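Letter by letter, the chains look like this.
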Amino acid sequence: MYKYNHFIPLSMYGVKNKDIIPEQWYNITPDLPEPLSPPRDHDPERSSIDLLNRILPLEVLKQEFTSRRYEKIPDEILRQYEQAGRPTPLIRARNLESFLNFTGKIFYKYEGATVTGSHKINAAIPQAYYAAQEGVTEVATETGAGQWGTATALAASLNGIKSKIFMVNVSFRQKPLRKRIIEIYGGNVVASPSTLTDYGRQILKKEPEHPGTLGIAISEAVQYTLDNNIRYLMGSVENSVITFQSIIGQEAQKQLEIEGEEPDVLIGCVGGGSNFSGFVFPFMKTDVEMIASAASEVPKFSKGKYRYDLIDTAGILPQLKMISLGADYVPPPIYSGGLRYHGAAPALSMLVNNGRIRTDEVTEEKSMEAMQIFARTQGIVPAPESAHAIATAIDYCRNHENQGKTVVLNVSGHGLLDLSIFGD
Amino acid sequence: MKLALYFTFPYPSRVAFDKFINRTLLLNYEYVELGIPTEHPYYDGPIVRRTHGKAMEEFSMKLLEDTVHMIREKGKKVYALAYCNLFENDPDGFMSSMEDAGFDGLILPDLLTDYYSIRKDIASSVSSHGLELIPFFNSTTPDASINEILQLTNSWVYFGLQPSTGIRVPLDIPSMYSRIRNLCGEREIIVGFGINSAGTIKELRKIGFDGIAVGSAFVNSMENDDQVAFDLQIKMLESETHG
């Protein structure tokens, strides 16, 4: 934990990690302005909701349907959070302010400071912990950009269990270092579509070079879970994941309070919505402006529809009401794999649909420019996904140059394993 | 503890429905919910879902009126459990037909989700036809929405315990109850969805719920025309709630 402006550990000011890391996760469900539409079965013959009993760790499933506003974080998870680099710093981006001639303040919450380099570890640790507590010896999941797979591999190892990671084929090919780090952490990673599941084999038979999608990788991970009687860890979209990620926003609240600052706007990037929702939902009772930044190439906010849709392409999991481009949507192979998902978390979708949260869509070219600006001003190479939020923040600052606004953005991860975006 | 029995009307056939409902009428329970069959019973589990298709084939308003009349004569209150997708083009017409059929009120499981934007219009249409609107919500309904629907209504409350009928996912029921009781005050809370055993009923009673609603539990015995199993299930429910 660092003092924002000059990287002096806050411990030198008498602030301890435990003063910043919250002791409870925050669940927004009881505070939403209208009810969330419940998950729906789509196969008349069976209950995909009931099937969740065989897919998820039971404690995770319990938190998926809980009405409890605050959930106590077990001590062991708090210990693992601290070992994984929490709290992450909230840093004032003075150089970026100067570069933009911005008269207000820019702060960024830097989730890239976790040991796995992104916010994903926040949701991986509790799920792996609960799975291990229930006697599960292996977990499976999917990964797009590789950040979730990396976090799952480490969280599983920390809790003494194995992990199988289905990585979207195009990312698997684009990001060999991700594959390597997942393996170093003890995970077993395969390209999806794969030959390990019926669903993967069917797709490969039709199209051997299929680039893969997150929807297909989720389907394979869930199918593999059922075939092997293990448990599946969820990377985004579901309510419980959003709740686990609330640690980001709660820490940011305390850090801003210590500095005596109140944000005017919060900005983050959206793939499935976990880092953005975890960052902004704890602020929902204030009137702070919120902007969700997605990829123009996966235009879920401008072209998607708010409707019931499948989470996974194979339709094993229940349908959720969310903003979606359609579960069978095959996104272009942009480098920001974490933003390729066809939908967005139900609570986030509702708040976008009713206008509480504004949206922006950023091209890959513009995000790469933002990545370089941020690297050259702040010294941090952000993840390509996070660079979308930075691009949106830069636009915001340019449009509100002399209004003295306080902008807080979530930089969800670092991009040190994504440098091939700039060419080999 | 009160007991509400749910039947999709008229499942599995007009004759069989009559036979089974008649076997319950002299027993001690308070409410009957008659499910009005629909093509899209979205929030029901597979067991109740499969009753809707067959019931649609046999449904008639005249038979519904006769059935409601017969049940009310035995001193039980009768409610229509209907999805709003049944009447989205003509809510007033539907409410009129429910009023004519003699129902005491309506339970609308999708009112606060898929029809949230027109909830007040529908609530007003229900009451303008002299029917009670039973507020239906579940654990993920926000506090503000629960408070609002409670203010729009005066009756007992239907709390959907599980995300769907006939299934069970792990839940922290005492914590749910405590929140719902705080919001509902003295209002009677009937809890439904996924209740199928004496053990569960004992637990719910101990926690403080005022009653239970059961439906999926006896679909199989009705489908198989197994009167012995049906009687055993209904008597177990009567005994656990009123014994």
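Thresholds, definitions, all that
- Per chain, residues are indexed from 1 in the order of the written sequence.
- Think of it this way: whatever chain is written first is A, whatever ligand is written first is 1, and the rest follow in order.
- Per-residue local features of the predicted model are confined to residues with pLDDT of at least 70, and side-chain atom pairs are confined, for both listing and counting, to 80 or more; whole-chain, interface and lining totals are unaffected and use all residues.
- Remark: hydrogens and water are excluded; side-chain values derive from all non-hydrogen atoms of the structure.
- Using only the protein atoms, space was sampled on a 1 Å grid; points where a 1.4 Å probe fits but cannot get out form cavities, open sets with protein on both sides within 12 Å along at least five of seven lines form pockets, and lining residues are those with an atom within 4 Å of a point.
- Grid points are joined across faces, edges and corners, and a volume is the space filled by probe spheres set on the points.
- Strands are runs of DSSP state E lasting at least 2 residues, helices are runs of H or I lasting at least 4, and numbering of each runs from the N terminus.
- Ten residue types, Ala, Val, Leu, Ile, Met, Phe, Trp, Tyr, Cys and Pro, are classed as nonpolar, four, Asp, Glu, Lys and Arg, as charged, and the remainder, Gly among them, as polar.
- Stacked, tilted and edge-to-face are the three classes assigned to paired rings of Phe, Tyr and Trp, where Trp is represented by its six-membered ring and a pair needs centres within 6.5 Å; plane angles under 30 degrees give stacked, over 60 edge-to-face, the rest tilted.
- Relative accessibility under 20% of the residue-type maximum defines a buried residue, over 50% an exposed one, and the middle range a partly exposed one, all with a 1.4 Å probe and only protein chains included.
- We call a charge positioned above a ring when the Lys NZ or Arg CZ atom is no farther than 6 Å from the ring centre and deviates by at most 35 degrees from the ring normal.
- Interaxial angle, 0 to 180 degrees, is taken between N-to-C directions of lines fitted to C-alpha atoms, where a helix line uses only the stretch in contact.
- Any angle from 65 to 115 degrees is called roughly perpendicular, while one under 35 is roughly parallel, one over 145 is roughly antiparallel, and all others are oblique.
- In this scheme, a crossing is called left-handed if the near helix is turned counterclockwise away from the far one by less than a right angle; it is called right-handed if the turn is clockwise.
- Contacts between residues were defined by any pair of non-hydrogen atoms, one from each residue, lying within 4.5 Å.
- Helix span, expected: 1.5 Å multiplied by one less than the number of residues in the helix.
- A pair of strands is considered paired only if DSSP assigns at least 2 bridges between the two.
- Contacts described as polar in this section are N or O atom pairs within 3.5 Å, which, within protein, must combine one atom able to donate a hydrogen with one able to accept it, while residues neighboring in sequence count only if both atoms come from side chains.
- Per-residue confidence from the predictor is given as pLDDT, running between 0 and 100.

### Some details on empty space enclosed by the protein
Leftover empty space is mapped by rolling, across the atoms, a probe with the size of a water molecule.
All names here are of chain A.
Step number 1: Here the structure, examined in full by the defined rule, presents eight cavities of 30 Å³ or more.
Step number 2: Mapped onto the lining of the largest cavity, the elements with two or more residues apiece are strand 5 (138-143), helix 7 (147-158), helix 11 (214-228) and helix 13 (274-280).
Step number 3: Here the lining of the largest cavity takes three residues from helix 13, the largest share from any one element.
Step number 4: For the lining of the largest cavity, a count of residues per class yields 14 nonpolar, 14 polar and four charged.
Step number 5: If you add up the space inside the second largest cavity, you get close to 240 Å³.
Step number 6: Here the residues of the lining of the second largest cavity sort into 13 nonpolar, seven polar and two charged.

### A few points about the packing of aromatic side chains
Step number 1: With the rule as written, the count across this model stands at 26 aromatic pairs over all chains.
Step number 2: Taking the centre distance of 5.7 Å and the plane angle of 80 degrees together, the rings of Phe218 of chain B and Phe230 of chain B count as edge-to-face. Of the two residues, Phe218 of chain B is situated in the loop between strand 9 (211-214) and helix 9 (219-223) and Phe230 of chain B in helix 10 (residues 227-242); the sequence distance between them amounts to twelve residues.
Step number 3: Its relative accessible area of 0% is what places Phe218 of chain B among the buried residues.
Step number 4: Taking the relative accessible area as the measure of exposure, Phe230 of chain B reaches 0% and is therefore buried.
Step number 5: Linked through ring pairs, Phe7, Phe9, Phe17, Phe20, Phe59, Phe218 and Phe230 of chain B together constitute an aromatic cluster.
Step number 6: Sitting over the ring of Tyr42 of chain B, Arg40 of chain A keeps its end group 3.3 Å from the ring centre.
Step number 7: If you follow Arg119 of chain B out to its NZ or CZ, it ends over the ring of Tyr116 of chain B, 3.8 Å from the centre.

### Some thoughts on the packing of helix 8 (residues 198-207) of chain B against helix 10 of chain B
All names here are of chain B.
Step number 1: Taken N-terminus to C-terminus, the directions of helix 8 and helix 10 make an angle of 20 degrees; their axes are 10 Å apart at the nearest point. Of the possible angle classes, the one that applies to helix 8 and helix 10 is roughly parallel. Handedness of the helix 8/helix 10 crossing: right-handed. Across the interface between the two elements, Ala198, Ile201, Lys202 and Arg205 from helix 8 touch Met236, Leu237, Glu240 and Thr241 from helix 10.

### Regarding helix 11 of chain A
Spacing of three or four residues puts side chains on the same side of an α-helix, whose turn is 3.6 residues.
All names here are of chain A.
Step number 1: A rise of 1.5 Å per residue sets the reference length of helix 11, with its 15 residues, at 21 Å; its end C-alpha atoms lie 21 Å apart and thus fit the reference within 8%.
Step number 2: Within helix 11 the residues assigned to the buried category are Leu214, Gly215, Ile216, Ala217, Ile218, Ser219, Glu220, Ala221, Val222, Tyr224, Thr225 and Leu226.
Step number 3: Buried-residue contacts for helix 11 involve helix 2 (48-55), strand 5, strand 6 (162-168), strand 7 (187-192), helix 10 (198-206) and strand 8 (231-232).
Step number 4: At the exit of helix 11 stands Asn229, carrying a positive phi of roughly 50 degrees.

### Some remarks on the environment of Glu220 of chain A
Residues and elements named next belong to chain A.
Step number 1: Tracing the chain through its elements places Glu220 in helix 11.
Step number 2: The buried category is assigned to Glu220, whose relative accessible area is 0%.
Step number 3: Beyond its immediate sequence surroundings of up to four residues, Glu220 is in contact with Phe166, Ser192, Pro193, Ser194, Thr197 and Gly200.

### Points about the pairing of strand 3 (residues 77-81) of chain B
Residues and elements named next belong to chain B.
Step number 1: Counting buried positions along strand 3 yields four of five residues, so the element is predominantly enclosed.
Step number 2: By the bridge criterion, five bridges tie strand 2 (residues 31-35) to strand 3 in an arrangement that is parallel. Pairing of Glu33 across the sheet is with Tyr79, part of strand 3.
Step number 3: Bridge count for strand 3 against strand 4 (residues 105-107) is three bridges, and the pairing is parallel. Note that in strand 4 the partner of Tyr79 across the bridge is Gly105.

### Let's talk about the side chain of His342 of chain A
Residue and element names in this part refer to chain A.
Step number 1: Take His342: it is sitting in the loop between strand 12 (319-324) and helix 15 (346-353).
Step number 2: Of note is the side chain of His342, whose polar atom sits 2.8 Å from the backbone oxygen of Leu310.
Step number 3: Beyond its immediate stretch of four places on either side in the chain, His342 contacts Lys300, Asp309, Leu310, Ile311, Met322, Ile323, Ser324, Leu325, Gly326, Ala327 and Tyr329.

### Some thoughts on the confidence of the model for chain B
Detailed reading of predicted coordinates is not advised where the pLDDT is low.
Step number 1: Mean pLDDT for chain B: 95, with 100% of residues reaching 70 or above.
Step number 2: Confidence estimates for the predicted assembly give a pTM of 0.93 and an ipTM of 0.89.

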